[in-house]
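An overview of the molecular structure
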Amino acid sequence: MPETTQPFDHKAYLKHLTARPGVYRMYDAEGQLLYVGKAKNLKNRVSSYFRSRGLTNKTLALVARIQRIDTTVTHSETEALLLEQTLIKQHKPPYNILLIDDKSYPYIRLTTEHGSPGLYVHRGARRGKSEYFGPFPNASAVRESLAILQKAFKVRQCKDSVFMNRQRPCLQYQIKRCKAPCVGFVSEQEYQADLDKTRAFLQGKNQTLIQTLELEMDSSAASLDFETAAEVRDQLLVLRKVQEQQYVSSDRGDVDVFALESTELGLCVHYLMIRQGRLLGSQSYFPKPGIEEEPATIMLSFLGQYYFGRTHDDCPQSVVLNVPVTDKGWLEAALSEHFGRKITLSSSVRGRNARWLELAQTNAREQLQQRISHRQQVVQRFEALQQTLELEEMPERIECFDISHSSGEATTASCVVFDQNGPNKSLYRKFNIEGVTAGDDYAAMSQAIERRYSRLQKEEAKLPDLLIVDGGKGQMKMAREVMDELGVAIPLLGVAKGETRKPGLETLFFETPDQVIQLPNHAPALHLIQHIRDEAHRFAITSHRARRGKARVGSLLDEIPNVGPGRRKALIRHFGSAQGVKAASQEEIARVKGVSRTLAESIYEFLHSR
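Residues numbered from 1 in each chain as written. Predicted model: local features only at pLDDT ≥ 70, side-chain atom pairs only at ≥ 80, totals over all residues. Heavy atoms only, no water.

The helix and strand inventory of the chain stands at 20 helices and 19 strands. Considering only C-alpha atoms, the chain reaches an extent of 95 × 65 × 55 Å along its principal axes. Put simply, the chain has 610 residues, and 46% of those count as buried. The long-range share in the chain, meaning contacts at least 24 apart out of those at least 6 apart in sequence, stands at 62%. Here the chain displays about 32,000 Å² of accessible surface, and carbon together with sulfur accounts for 48% of that area. Averaged over its 83 positive side-chain charges, the chain has a centre that lies 4 Å from the centre of its 73 negative ones. (Helix = DSSP H or I, 4+ residues; strand = E, 2+ residues; numbered from the N terminus. Buried < 20%, exposed > 50% of the residue type's maximum accessible area, 1.4 Å probe, protein only. Contact = heavy atoms within 4.5 Å. Areas by Shrake-Rupley, 256 points an atom, 1.4 Å probe, with all protein chains shown as cover. Lys, Arg positive; Asp, Glu negative; His and termini not counted. Charge placed at Lys NZ, Arg CZ, Asp CG, Glu CD.)

In this model, helix H14 (residues 441–458) (18 residues) spans 26 Å end to end at C-alpha, consistent with the 26 Å of a helix rising 1.5 Å per residue. For H14, the complete set of buried residues consists of Ala444, Met445, Gln447, Ala448, Ile449, Arg452, Tyr453 and Leu456. The elements touched by buried residues of H14 are strand S12 (397–406), strand S13 (409–419), strand S15 (429–432), strand S16 (466–470) and helix H15 (473–486). Of the residues flanking the end of H14, it is Glu460, one or two places downstream, whose phi is positive at about 55 degrees. (Expected span 1.5 Å × (residues − 1).)

Further remarks concern the sheet that holds strand S10 (residues 318–321). Two pairing modes exist for strands in a sheet, parallel and antiparallel, and in both the strands are linked by backbone hydrogen bonds. Taken together, the 5 strands give an open sheet; going across it, the order is S9-S8-S7-S10-S11, and neighbouring strands pair in mixed fashion. Each end of this open sheet is capped by a strand with a single partner; those strands are strand S9 (278–285) and strand S11 (344–346). Strand-to-strand twist across the sheet, computed as the mean angle between neighbouring axes with direction ignored, equals 20 degrees. Note: S10 against S11, 3 bridges, orientation parallel. Within S11, the position partnered with Val319 by the bridge is Leu345. With respect to the sheet, helix H11 (residues 295–308) is in contact with strand S7 (255–263), strand S8 (266–275), S9 and S10, its orientation differing from that of S7 by roughly 135 degrees. (Pairing = 2+ DSSP bridges. Axes fitted to C-alpha atoms, helices over the stretch in contact; angles between N-to-C directions.)

The biggest cluster of nonpolar side chains holds 29 residues, and the ones touching the most others in it are Phe258, Leu303, Tyr307, Val319, Leu321, Leu331 and Leu335. Contributing elements (two or more residues each) for this core: S7, S8, S9, H11, S10 and helix H12 (329–339). It is H11 that provides the largest number of residues to this core, a total of 8 residues. Residues contacting Leu321, with those up to four places away along its chain left out, are Phe258, Met299, Leu303, Leu345, Ser346, Ser347 and Leu357. Counting residues in hydrophobic clusters, the runner-up holds 27 residues, among them Ile398, Val495, Leu519 and Ile529. (Core = buried A, V, L, I, M, F, W, Y, C linked by side-chain atoms within 4.5 Å.)

Turning our attention to the packing of aromatic side chains. Going through the model one piece at a time under the given rule, you end up with 19 aromatic pairs. Where Phe258 meets Phe302, the ring centres are 6.0 Å apart and the plane angle is 70 degrees; that geometry is what we call edge-to-face. One end of the pair, Phe258, is in strand S7; the other, Phe302, is in helix H11, and 44 residues separate them in sequence. Both residues of the pair, Phe258 and Phe302, belong to the buried class. Judged by centre distance (4.9 Å) and plane angle (90 degrees), the ring pair of Tyr306 and Tyr307 falls under edge-to-face. (Phe/Tyr/Trp six-rings, centres within 6.5 Å; stacked < 30°, edge-to-face > 60°.)

Bringing the pairing of S9 into the picture now. Regular strands show a simple pattern: their side chains alternate between the two faces of the sheet. As defined by bridge partners, S8 adjoins S9 across 7 bridges and the pair is classed as antiparallel. Within S9, the position partnered with His270 by the bridge is Ser284. The turn linking S8 back onto S9 is made up of 2 residues, and Gln276 within it adopts a positive phi angle of 55 degrees.

Quick look at the sheet that holds strand S6 (residues 130–133) now. Spatial strand order, S5-S4-S6: 3 strands in an open sheet with antiparallel pairing. Lying at the two open borders of the sheet, with one neighbouring strand each, are strand S5 (119–122) and S6. Sheet twist, expressed as the mean angle between neighbouring strand axes with direction ignored, is 30 degrees. Bridge analysis of strand S4 (residues 107–111) against S5 gives 4 bridges, and the strand direction is antiparallel. For Ile108, the partnering residue across the bridge sits in S5 and is Val121.

For the pair helix H4 (residues 77–91) and H11, interaxial distance at closest approach is 10 Å and the crossing angle is 80 degrees. Relative to H11, the element H4 lies roughly perpendicular. Residues Leu81, Leu82, Gln85 and Ile88 of H4 pack against Ser301, Gly304, Gln305 and Phe308 of H11. Classifying every residue of the contact of H4 with H11 gives 4 nonpolar, 4 polar and no charged. (Parallel < 35°, antiparallel > 145°, perpendicular 65-115°, else oblique. Nonpolar A, V, L, I, M, F, W, Y, C, P; charged D, E, K, R; others polar.)

Moving on, we come to the side chain of Gln475. Turning to its location among the elements, Gln475 is positioned in helix H15. Given a relative accessible area of 15%, Gln475 falls into the buried group. The residues contacting Gln475, other than those within four sequence positions of it, are Tyr442, Val469 and Asp470.

This part covers the pattern of salt bridges. Applying the stated rule across the entire model yields 16 salt bridges. Between Asp256 and Arg275 there is a salt bridge; the shortest N-O distance is 3.1 Å. Within this pair, whereas Asp256 is found in strand S7, its partner Arg275 is found in strand S8, the two being separated by 19 residues in sequence. Glu511 is the salt-bridge partner of Arg480, the closest N and O atoms lying 2.5 Å from each other. One end of the pair, Arg480, is in helix H15; the other, Glu511, is in the loop between strand S18 (507–510) and strand S19 (516–517), with 31 residues separating them in the sequence. Judged by relative accessible area, Arg480 falls into the buried class, the value being 19%. Residues joined by salt bridges that share partners form a network here, namely Glu131, Asp196 and Arg199. (Salt bridge = Lys/Arg side-chain N within 4 Å of Asp/Glu carboxyl O.)

Here we take up the layout of surface pockets. Space inside the second largest pocket adds up to approximately 1,000 Å³. Around the second largest pocket, the lining is made up of 25 residues, and of these Arg109, Asp160, Ser161, Arg573 and His574 lie nearest the centre. Mapped by element, the contributors of at least two residues to the lining of the second largest pocket are S4, S5, helix H6 (160–163) and helix H17 (565–575). It is H17 that contributes the most residues to the lining of the second largest pocket, 6 residues altogether. Split into classes, the residues belonging to the lining of the second largest pocket amount to 7 nonpolar, 8 polar and 10 charged. (1 Å grid on protein atoms, 1.4 Å probe; cavity = no way out; pocket = protein on both sides within 12 Å on 5 of 7 lines; lining within 4 Å. Points joined across faces, edges and corners; volume = space filled by probe spheres on them.)

Among the surface-exposed residues, Glu450, Glu481, Asp484 and Glu485 lie close enough to one another that they form a single negatively charged patch. With respect to the helices and strands, the residue Asp484 is situated in helix H15. For Asp484, a relative accessible area of 54% gives the class exposed. (Patch = residues over 30% accessible without salt bridge, like charges linked within 9 Å, V, L, I, M, F, W, Y side chains within 5 Å.)

Laid out in structure tokens, this is it:
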């Protein structure tokens, strides 16, 4: 008789459980962590999961799987909150609400290593002698600010390796987006003045900057320097346009605004970043739901992960929410302790904060509706594909392979995964193809499919409900042979491009090359297949180019005697590429830090003897 799992004896466990604050972890029979929670009183909180009534369906499903509960006692509620967020980030339990995006916030970095600093997007730890401005809610907000600065003040944004090796101005100078400090077309004094204006803009001193520029324009016009006056006028036009696009309050406060919108079909938290009275940007988050169903509980769980579960070094003193939160004291205490200043959470606000909150709520509703509509459209396409292929059940997971190479060089295969929410990029895989004849797409595809599904079999992982190969009868026949050898039974769909390679003229082969399907170009099933095929193609090309670029750099520099990884990195950073090193003279190579004249001569002779 197979061994049966005994129910968890919660009464015996609770009898000896402490009433102190701490963190509890719930596990199933296989030792998988199901849920992590915090509590002011561990005994009271854990007991609440085993009461006879008032539990939601999700909570009942969790309790039915519990086989073990571990606890960690902490000195305070704040310590419990921090430990809870660390464990959630590390283990991603299925019954916790999960914030999927854990990237650090982007900043604008102004380098100060030499006389002509540049502006760049930066993520991660701060390093070197640089100034940092931000954070910004997303990369698009950074790029928008950089585009404004480039148009207004023409501070360079090229890499140092490019800047150091320019012989003449680049296209940015021609289109009036840079003053070409690389070739001395602007004086150091004028460039520093542009940098001061850039700093003022990034620090939010727009009104002061506008007043300064107005005086500068009037002064230039009075001295009959109309060319400078016109340039300053253009800068003013850009700044005033930016100011018109921002809602600016006379009270230049820093606020984080969060609005939660939830339905049975999903939830969205929309975030507004307000700094010095300006809306720097916004971001929509769609957390994976957990057992929490009350809006206040969802919001507190989200904020805990948002501020503690990711690389985050910025939180204003005021955080505004659209959900009344009663049990907020320990989150406020934890935030205040973590960021070193008093931070308050509030939902009852007036004036400017009420307007920001209304804007966040409107965006949360619209973003959630768009996501639900998109998901419904994807599901409709999956249903249409099921009907077209006459499948017994609607596919839950589809995988597609494609091959990319440059005349056989750096052959790379891609595998993309789609589910009923669209592309699942966390499951994408790429394969560096080795040991096949250059340009043999059939052999490359065979190797990729064999490696993919032999591994899934070994790991006893979920197989797709449909496999798509980008190619005609040959690729399809080869894929079927590989799957037969592995003993894998997956429905197979081949996609052959039309004669002109125009979208809508594809020919589909299902299961065998003899079973041909032609769909009209407006068919939803065809649109889904094209989307999956194009995504596989994009991912294959991106992976191939990265591999090819790495190989070409290594092939030139890896074999040079007495040049290790550090010097190779210095050479690439200075000249921009391996080809740039090869095009340099001995004197130019010798200027690189760590390269002596003797070594520069050796490098030059090695590169030009091949």
